[in-house]
Structure formats: structure tokens, C-alpha cells
Amino acid sequence: SIILKKSNRKKCFSLFLNFKIMSKNQNLLDEVTEIFTNYLMDNNQRKTPERYAILNEIYSHDGHFDIESLYIKMKNQKYRVSRATLYNTIELLLDCHLVRKHQFGKSHAQFEKSYFNKQHDHLICTSCDKVIEFCDPRIQGIMNFIENDMNFKISRHALNLYGLCVDCQTKLKN
């Protein structure tokens, strides 16, 4: 049997965790790719490398994005994707529920991946437009109560709270 020093055990464990995360992300990407492929075939849409590159870029990103920032990011990575292709692909991804669209206040639309994305809500800073995700299990409890008490089946919900983030509060005080 091999006995590892404590520092080597930590490195091995860290490598193992990174591998598990990469493996999980690859499984997720494989699943969403299959869903997207089936959607494209069922709707007589072309399966282009650009569409799959956009899907891959979205699912390798955490958090919210807008189309312009995604366009710039892909251009910087030498993808040959037009804005029109991005807009059209986003519409397809919205239709097959792989992407969710948000309109936070007066700012332009933001998007996020939605497949296997845990339920969460948003805090939106009205000064700097920062979007902070949060999850509070009490919200699920309220929804369960409403479903049971009012005999109403909830299919989805959106909770956006607007105010000032801690950074903007600090700026105002100074």
C-alpha cells in the first residue's frame, strides 16, 4: 500500500474534487447538448457549430449575462459568431428552456442557464445594476402553503428585490 504525506493527500484530494467538478460539468454539457440537438431536429432547425459553441459558452459561465457581453467574450476567444446568430440562438435556447430571460428594471435583458439551475431569487441594485442571487428556503415554504391552502398549482415564480447593494450604500455614506 502507498502511504502519502499529509500535503500530498491534500493535493490528491484537491485533484479528485476538481476532476469530479469537471466530470459533473461535462455530464451537464452532454445533457443540454442532447436536449438542444433533439429540439433542433424536432423543429427542423440547422445544427450548426456556432449554435453549439454558444450553448457551450453559456453553460461554462456562471451567473447572468447579456448578449453584448457574450458576443464580446466569444469574439475575444476567436469564435466567428455574429450578433444575429447570437440573438437567434438565444431565442431557440429560450424556446427549449435551456436559458431563462430576465428584465431587471430599465436595463437591457439578461439571461442565465436554466437546466439544473437551482431555484433562486434576485437582489438588484438600483444604482450600479449589480444582480445578486440568493436562495431562502422560506420562499419554498410559502409556495407550498399557497399550493395546499389555496389549491393552486405553482409552475414557476420570480422574486426580484430592488435596492442598494453594500458597495453603493458605502459610497453614499462617504
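It should be emphasised that the depicted structure is a prediction, and the values quoted were computed from it without experimental measurement. (Residues numbered from 1 in each chain as written. Predicted model: local features only at pLDDT ≥ 70, side-chain atom pairs only at ≥ 80, totals over all residues. Heavy atoms only, no water.)

*Asks:* Tell me about the packing of aromatic side chains, and name the residues and values.
*Replies:* Enumeration over the complete set of coordinates arrives at 2 aromatic pairs. Note on phenylalanine 36 and tyrosine 52: the rings are 5.7 Å apart at their centroids and 75° apart in plane angle, and the pair reads as edge-to-face. Pair noted here: phenylalanine 36 is in helix H1 (residues 6-42) and tyrosine 52 is in helix H2 (residues 49-59), with a separation of 16 residues, a long-range link. Of the residues examined, phenylalanine 36 reaches a relative accessible area of 0% and is grouped as buried. Accessibility expressed as a relative area gives 21% for tyrosine 52, which makes it partly exposed. (Phe/Tyr/Trp six-rings, centres within 6.5 Å; stacked < 30°, edge-to-face > 60°. Helix = DSSP H or I, 4+ residues; strand = E, 2+ residues; numbered from the N terminus. Buried < 20%, exposed > 50% of the residue type's maximum accessible area, 1.4 Å probe, protein only.)

*Asks:* Explain the side chain of histidine 102 to me, using residue names and the numbers behind them.
*Replies:* Of note, histidine 102 is situated in strand S1 (residues 99-102). With a relative accessible area of 11%, histidine 102 lands in the buried category. A polar contact is formed between the side chain of histidine 102 and the side chain of glutamate 112, at a distance of 2.6 Å. Residues within four places of histidine 102 in sequence aside, it is in contact with His64, Ala109, Gln110, Glu112 and His122. (Polar contact = N/O pair within 3.5 Å; in protein donor to acceptor, adjacent residues only side chain to side chain. Contact = heavy atoms within 4.5 Å.)

*Asks:* If you had to explain the packing of helix H3 (residues 67-76) against helix H4 (residues 83-95) to someone new, which residues and values would you point to?
*Replies:* The contact between H3 and H4 brings their axes to 10 Å, and the two run at 125°. The angle between the axes of H3 and H4 places the two elements in the oblique class. The hand of the H3/H4 crossing is right-handed. Here H3 contributes Ile67, Glu68, Leu70, Tyr71 and Met74 to the contact with H4, which in turn contributes Arg83, Leu86, Tyr87 and Ile90. Looking at the contact of H3 with H4 residue by residue, the class counts come to 7 nonpolar, no polar and 2 charged. (Axes fitted to C-alpha atoms, helices over the stretch in contact; angles between N-to-C directions. Parallel < 35°, antiparallel > 145°, perpendicular 65-115°, else oblique. Left-handed = near helix turned anticlockwise from the far one by under 90°. Nonpolar A, V, L, I, M, F, W, Y, C, P; charged D, E, K, R; others polar.)

*Asks:* Explain the pattern of salt bridges to me, using residue names and the numbers behind them.
*Replies:* Under the counting rule described, the total for this entry stands at 7 salt bridges. Of the charged contacts in the structure, one is a salt bridge between arginine 100 and glutamate 112, with a shortest N-O distance of 3.5 Å. Pair noted here: arginine 100 is in strand S1 and glutamate 112 is in strand S2 (residues 110-113), with a separation of 12 residues, a long-range link. Under the relative-accessibility criterion, arginine 100 is labelled partly exposed at 31%. Note on glutamate 112: relative accessible area 1%, which makes it buried. Here lysine 153 ties to glutamate 147 by a salt bridge, and the two come within 3.8 Å at their closest N and O atoms. Take lysine 153: its relative accessible area is 69%, and that puts it in the exposed class. (Salt bridge = Lys/Arg side-chain N within 4 Å of Asp/Glu carboxyl O.)

*Asks:* Describe in detail the packing of H2 against H4, supporting the description with residues and values.
*Replies:* Relative to each other, H2 and H4 sit at 70°, their axes nearing to 10 Å. Here H2 is positioned roughly perpendicular relative to H4, judged by the angle of their axes. Crossing hand, H2 versus H4: right-handed. Of H4, the residues touching H2 (which contributes Glu50, Arg51, Ile54, Leu55 and Ile58) are Thr85, Leu86, Thr89, Ile90, Leu92 and Leu93. Split by residue class, the contact of H2 with H4 holds 7 nonpolar, 2 polar and 2 charged.

Any functional reading would require information that these geometric values do not contain.
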